[in-house]
Amino acid sequence: MNAPVKGFSPTRPSRREMLVISAATAGGALLVGCSPANLLSIGADDHFGPFGPFLRIEPDGAVTVVSKHIEFGQGNHAGLAAMVAEELDADWDKVKVVQAPANTKVYANLGMGFQGTGGSSAIANSWPQLRNVGAATRAMFVTAAADRWKVPAGEITVKNSVVSHSSGKSATFGELVADAAKVAPPKDPTLKDPKTFTLIGTDRVRRKDAAAKSRGQARFTQDVHMPNMLVAMVAHSPRFGGKVKSFDASAAKKVPGVVDVFQIPTGVAVVANNTWAAHQGRDTLKVEWNDDKAETRSTDAILASYHALASGQAQPSGEMKWQTFDSHGAGAPPQGGKVVEAGFDFPYLAHAAMEPMNCVAEIGGGKNKLTFGSQIPSMDQLNTGMIVGALPGSVQIETLFAGGSYGRRANFKSDYVSECVHVAKHVGGGRPVKLVWTREDDMTGGYYRPMVHHAVKVTLDADGFPAAWCHRIVTQSIMKGSPIGGGKLDESAVEGVMGSPYLKATPVVDGQVILPDSPVTVLWWRSVGATHSAFVMEHMVDQLARAAGKDPVEYRKALYAKAGDSRRLAVLNLALDKAGPAPADGWTRGVAVHECFNTVVAQIAEVKLVDGAPKVGRVVTAVDCGIAVSPDQIAAQMEGGTCFGLSAAMFGRITLKDGVVEQKNFDGYRVLRMTEAPTVETYILPSRAKPSGVGEPGTPVIGPAVANALLAITGKPTRSLPFVTSA
Amino acid sequence: MAKTLDINGKSYSVEAAPDTPLLWVLRDELGLTGAKYGCGVGQCGACTVHLNGVAVRSCQTPIAALDGVKVTTIEGLEGLHPLQAAWVEADVPQCGYCQSGQIMSAAALLARTPKPTDADITDAMNGNICRCGCYQRIRAAIKAAAAKAPASATAAA
Ligand code: FES
Ligand code: FES
């Protein structure tokens, strides 16, 4: 708690700095002052009110929590505000949440070192930080009241934004705020014992944005209108890595409303007075592309090359090489042991957030400002700064709600943001430009979940448990070229296989990965490596259990015991308990369990085959995510994550034909609709551990749970996703 | 070319080509941004509005087709529609981007069928994609709103 903070004066820090310090060092994380923060912070605004950058209390008693994390569905704003409100003893019904501007120094994600949302980390990294903010502010109010009433602070209580003394004196936050603002914040405020929480962990922690979002009033980037604003659309190369050779703008320029057409690094931009004109202008543009460096293969050919690498038929070329992610034990597998071999193929997946990518930029005339749903403001500042030649910290970002992201808006190249900045820079004068991607732009625009091939060979011992496990993974690297991708091994490609209890329970393991390049851009996609590793490990274990003649649930339990994994065992047991007796006729259960982002999820899916396709009914979900800050939001994330994972497992597939994406819109890229939506029941394992995230861990488990049910129904394992390949 | 549109009970005069989709007139010209752009091809339902009480995709509706037609957008639902109350009660929205369209589809359903069956709900809502996967709560909220309405009531549209 008391580690020194670089970048702050060692002598008496100001009140404001104290709050920043106590917030930044809480929990031992010390990232304010580290180098990226310094670089990104120069030029940043640092004027905050008396309660620091995370909290404002107005004279009318209104309590506003400032969220450093974007809200695009995860429900984190509710949980973050509840942490402050709990320790502050604020009246929850009157607490509001607003989005923080970009400011790396004060709003860094303490798990990342820069401002950003991802890795299901919002609640986890803010847990000590925001509780400290609430507790410190509460102490300031108590001191102010004690001074005013001349009574000992220890006799004062706070409840629902009212400060009271046993003598009967009381005052609201609003009545005390002017005095409280003058009190020096305590350095080490006392936090509540979680046993005494009255808000956290209750169903009162509900979304603050539900009314606005149900009235069409929530403000998204798509909704931004500014005086004199232009709307831009960009013609992109149909092939990844293609460049503009030449273009003919004559027809486009004749479209009423089109203002200008010009080339930018990613293609040809059409700027117009409104969206429809930009759209029509872009459609009439004629562009010739240079495909010299473009991906021109089809996905079938790329996948075949993955298979050839995994099987040893092809040798790695260029920089590519096999890397070991797990190697333990030695010696030959037992003679005569049963061998189970399986290959698994996963397609490219688009995030297909409901709001296609977009951004508003005002560049020039003394302005460098972005207004949009920024998921990693620090990187968006950095990339903008590099394009316009400004200090990153001086780039202002107003973050709005985003209509989903699932990882898409967290991009170290700030792809669509940079594109918007290039257009706005060309327009100049600080004139606002809204870059709008159509659904087609978004769907064909890359940054997909990479295509992946796993080849697994397991030899069983005399008892039917794995004696030797050989695992090969072929996929593109997500982290390559990113500023935080400096490590030798791209763990995002192997996480979930690496660290699996099944590998821990296996005496001899040989796990290797190879990461071939392609101009096709790839990115994290809700739950990242787990999107495929959970499927492979959980579906594989059912196949092993079958080969061993054992019940898959008992088989898992035995492996968890061997691996010493009591958490998975407890979550699985909770799911089994809640699932109850076998389902009605016609439904078959499949089980899967996975841990990612420090959260364990077990699901029992009830499945039947209808016209050859799986139909998923009831899905019993058990989750261990530490202390449950907002049980209803956890349930919502399990429901939504399950739909997202099931959508991909059932239908998700981006394919290339000669390098060109074949799916352009929701007619080609089918997604889950209400007909296919399961009924998810969520049960939370009681815990005293600090909270872990829930935005992603609900996604990867349903696919293998359904595959395991199908295995039980048909006797056939699933070798590739999606389950449904007809349109 | 000037065109007169009847939207949420008000008359608007807009300058736009007759083939301009209603969605872009609402959003860019009239500042009614509740209806969202999600696909532009009638696949997602994010742009749903009512034309004479019927749920229609505004991205597929050229303004030329709107002579004498009453347009209702989410901004035109009166007061807090029972569905909106149910939406808040059940914490339905996640990112929220699809929700205007979901509510407009559901409102048209309840106006027509005050006590819908599960199959009625699936039928009416299957054209509305929610990438956040709020389907279960959408269904529950429609049922909750329907349960509160008398069987003969016509929901405000
Ligand atoms: S935007 Fe109209 S249906 Fe998708
Ligand atoms: S709430 Fe996000 S798409 Fe429906």
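Nothing here was measured: the structure is a model prediction, and the numbers come from that model. (Residues numbered from 1 in each chain as written. Chains lettered and ligands numbered in written order. Predicted model: local features only at pLDDT ≥ 70, side-chain atom pairs only at ≥ 80, totals over all residues. Heavy atoms only, no water.)

Section: the pattern of salt bridges
For clarity, the threshold we go by: Salt bridge, as applied in this entry: a Lys or Arg side-chain nitrogen positioned within 4 Å of an Asp or Glu carboxyl oxygen. For helices the rule is a DSSP run of H or I covering at least 4 residues; for strands it is a run of E covering at least 2, with both sets numbered from the N terminus onward. Residue exposure (1.4 Å probe, protein chains only): buried if accessible area is under 20% of the type maximum, exposed if over 50%, otherwise partly exposed.
Taken as a whole, this structure holds 45 salt bridges over all chains when the rule is applied. For Arg239 of chain A, the salt bridge identified is with Asp291 of chain A, shortest N-O distance 2.9 Å. Of this pair, Arg239 of chain A sits in the loop between strand E7 (230-235) and strand E8 (243-248) while Asp291 of chain A sits in the loop between strand E11 (286-290) and helix H10 (299-311), placing them 52 residues apart in sequence. Classification of Asp291 of chain A as partly exposed rests on a relative accessible area of 25%. Its salt-bridge partner being Asp442 of chain A, residue Arg439 of chain A comes within 3.5 Å of it at the nearest N-O pair. You can see Arg439 of chain A and its partner Asp442 of chain A sitting in helix H13 (residues 439-444), 3 residues apart, about one turn around the helix. Accessibility classification places Arg439 of chain A together with Asp442 of chain A in one group, the buried group. One network of salt bridges, with partners in common, ties together Arg206, Asp632 and Glu639 of chain A together with Asp91 and Arg137 of chain B.

Observations concerning the nonpolar core
For clarity, the cut-off: Residues belong to a common nonpolar core when they are buried Ala, Val, Leu, Ile, Met, Phe, Trp, Tyr or Cys residues joined through side-chain atoms within 4.5 Å. Two residues form a contact once any of their heavy atoms are found within 4.5 Å.
By size, the foremost hydrophobic cluster in this structure holds 197 residues, and its most contacted members are Trp469 and Phe723 of chain A together with Ile142 of chain B. Here this core takes 8 residues from helix H19 (residues 631-650) of chain A, the largest share from any one element. When residues no more than four places from it in sequence are discounted, the contact partners of Trp469 of chain A are Val456, Lys457, Val458, Tyr502, Leu503, Thr506, Val508, Val509, Asp510, Met537, Met540 and Leu544 of chain A. Grouped together as the second largest cluster of nonpolar side chains are 50 residues, Phe51, Met83, Val106 and Val629 of chain A included.

Considering the sheet that holds strand E17 (residues 433-436) of chain A
Residue and element names in this part refer to chain A. Quick note on the threshold: Strands qualify as paired when DSSP identifies two bridges or more between them. Lines fitted to C-alpha atoms define the axes here, with helix axes fitted over just the stretch in contact, and angles between the N-to-C directions of these axes take values from 0 to 180 degrees.
Overall, mixed pairing links the 7 strands, which are arranged E9-E10-E7-E17-E14-E15-E16 in an open sheet. The open sheet terminates on both sides in strands that have one partner only, identified here as strand E9 (258-264) and strand E16 (396-399). Here the average twist between neighbouring strands, direction ignored, is 25°. The pairing of strand E14 (residues 358-364) with E17 spans 4 bridges and is classified as antiparallel. By the bridge assignment, Asn358 is partnered in E17 with Val436. The sheet strands contacting helix H12 (residues 415-427) are E7, E9, strand E10 (267-272), E14, strand E15 (367-372) and E17, and the helix crosses E14 at an angle near 35°.

A few points about the interface of chain A and chain B
Just so we agree on the cut-off: Accessible area, probed at 1.4 Å, shrinks when two parts are joined; the buried area is that loss added up over both. Think of a polar contact as two N or O atoms within 3.5 Å of one another; within protein, one of them needs to be a possible hydrogen donor and the other a possible acceptor, and neighboring residues in sequence only count if both atoms come from side chains.
Counting from both sides, the interface comprises 56 residues of chain A and, opposite them, 50 residues of chain B. For the chain A and chain B pair, buried surface summed over both sides reaches about 4400 Å², with 53% attributable to carbon and sulfur atoms. Summed over the shared surface of chain A and chain B, the number is 5 salt bridges. Counting every contact that joins chain A to chain B gives 32 residue pairs in polar contact (both at pLDDT 80 or more). Of all the secondary structure elements, the ones that give two or more residues to the side of chain A that touches chain B are helix H7 (210-214), helix H9 (275-284), H13, H19 and strand E26 (679-684) of chain A.

Remarks on the packing of aromatic side chains
Residue and element names in this part refer to chain A. Defined as follows: Here a Phe, Tyr or Trp ring, Trp counted by its six-membered ring, pairs with any other such ring whose centre lies within 6.5 Å, and the pair is stacked when the planes are under 30 degrees apart, edge-to-face when over 60, and tilted otherwise.
Counting across every chain of the model gives 20 aromatic pairs over all chains. Seen from their ring centres, Phe48 and Tyr107 are 6.2 Å apart, and the 85° between their planes marks the pair as edge-to-face. Here the residue Phe48 occupies a position in the loop between helix H2 (35-41) and strand E1 (55-57), and Tyr107 occupies one in helix H4 (residues 104-107), the gap between them amounting to 59 residues. Residue Tyr107 is classed as buried on the basis of its relative accessible area of 3%. Centroid distance Phe114 to Phe412: 6.4 Å. Interplanar angle 80°. Geometry classified as edge-to-face.

Examining the domain arrangement of chain B
Residues and elements named next belong to chain B. So the rule is basically this: How far each domain reaches was decided by an automatic or database domain assignment.
Split into domains, chain B comes out as domain 1 (2-76) and domain 2 (82-154). On a C-alpha basis, the centres of domain 1 and domain 2 stand 21 Å from each other. With 16 residues of domain 1 at the interface, the matching set in domain 2 holds 12 residues. Counting the surface lost from both domain 1 and domain 2, the interface buries some 1100 Å², and carbon and sulfur atoms represent 58% of this. One can count 0 salt bridges joining domain 1 with domain 2. Remark: the boundary between domain 1 and domain 2 carries 6 residue pairs in polar contact (both at pLDDT 80 or more). Broken down by secondary-structure element, the contributors of at least two residues to the side of domain 1 that touches domain 2 are strand E3 (48-51) and strand E4 (54-57). When residues of the side of domain 1 that touches domain 2 are assigned to their parent elements, the largest contribution, 3 residues, is made by E3.

Description of the pairing of strand E23 (residues 613-624) of chain A
Residues and elements named next belong to chain A. Here E23 lies mainly inside the structure; 9 of its 12 residues are buried. Pairing analysis gives 10 bridges linking strand E22 (residues 599-610) to E23, with the strands arranged antiparallel. Bridged to Leu609 within E23 is Pro614. Taking the residues between adjacent antiparallel strands as the criterion, E22 and E23 are bridged by 2 residues, where Asp611 takes a positive phi near 50°. For E23 and E26, the ladder comprises 6 bridges, and the chain directions are parallel. Residue Ala622 lies in a different strand from E26, and its bridge partner there is Tyr683.

Digging into the environment of Pro356 of chain A
Within the fold, Pro356 of chain A resides in the loop between strand E13 (339-346) and E14. For Pro356 of chain A, a relative accessible area of 0% translates into the label buried. Note: C-alpha distance between Pro356 of chain A and Met443 of chain A (87 residues apart in sequence) is 8.5 Å. With sequence-adjacent residues up to four places away left out, Pro356 of chain A is seen in contact with Gln222, Arg409, Trp437, Thr438, Arg439 and Asp442 of chain A together with Tyr37, Gly38 and Tyr97 of chain B.

Structural notes on the packing of helix H3 (residues 99-112) of chain B against helix H4 (residues 118-125) of chain B
All names here are of chain B. In plain terms, the rule: Just so you know how the angles are binned, under 35 degrees is roughly parallel, over 145 roughly antiparallel, 65 to 115 roughly perpendicular, and the rest oblique. Left-handed describes a crossing whose near helix is turned anticlockwise from the far helix through less than a right angle; right-handed describes the clockwise counterpart. Under the convention adopted here, Pro, Cys and the residues Ala, Val, Leu, Ile, Met, Phe, Trp and Tyr are nonpolar, Asp, Glu, Lys and Arg are charged, and Gly plus all remaining residues are polar.
Two elements in contact, H3 and H4, have axes whose closest approach is 9 Å; the angle formed by their N-to-C orientations is 135°. As far as their axial angle goes, H4 and H3 are oblique. Judged by the sense of rotation from one axis to the other, the crossing of H3 with H4 is right-handed. Where H3 abuts H4, its residues Gln102, Ser105, Ala106, Leu109 and Arg112 lie against Asp120, Ile121, Ala124 and Met125. Here the residues of the contact of H3 with H4 are counted per class, giving 5 nonpolar, 2 polar and 2 charged.

Regarding the confidence of the model for chain A
Applied cut-off: Known as pLDDT, the predictor's confidence for each residue is given on a scale from 0 to 100.
Of all residues in chain A, 93% attain a pLDDT of 70 or more, and the chain-wide mean is 92. Here residues 1-37 of chain A is a poorly scored stretch, pLDDT under 50, and it has 70 contacts once near neighbours within four places are set aside; other chains count.

Comments concerning the sheet that holds E13 of chain A
Residue and element names in this part refer to chain A. In space, the 5 strands of this open sheet follow the order E12-E20-E19-E18-E13, with mixed pairing throughout. The open sheet terminates on both sides in strands that have one partner only, identified here as strand E12 (323-328) and E13. Pairs of neighbouring strands in the sheet enclose a mean axial angle of 5°, with direction left out of account. Note that E12 and strand E20 (residues 508-514) share 5 bridges and pair antiparallel. Bridging across to E20, Thr324 finds its partner in Gln512. Sitting on the sheet, helix H16 (residues 530-548) is in contact with E13, strand E18 (452-460) and strand E19 (466-475), with an inclination near 155° to E13.

Structural notes on the packing of helix H17 (residues 552-563) of chain A against helix H18 (residues 566-579) of chain A
All names here are of chain A. Put simply, H17 and H18 touch, their axes get as near as 10 Å, and they point 155° apart. Judged by the inter-axis angle, H17 sits roughly antiparallel to H18. Relative to H18, the crossing made by H17 is left-handed. Here Val553, Arg556, Lys557 and Tyr560 of H17 come into contact with H18, specifically with Arg568, Leu569, Leu572, Asn573 and Leu576. Residues that form the contact of H17 with H18 fall into these classes: 5 nonpolar, 1 polar and 3 charged.

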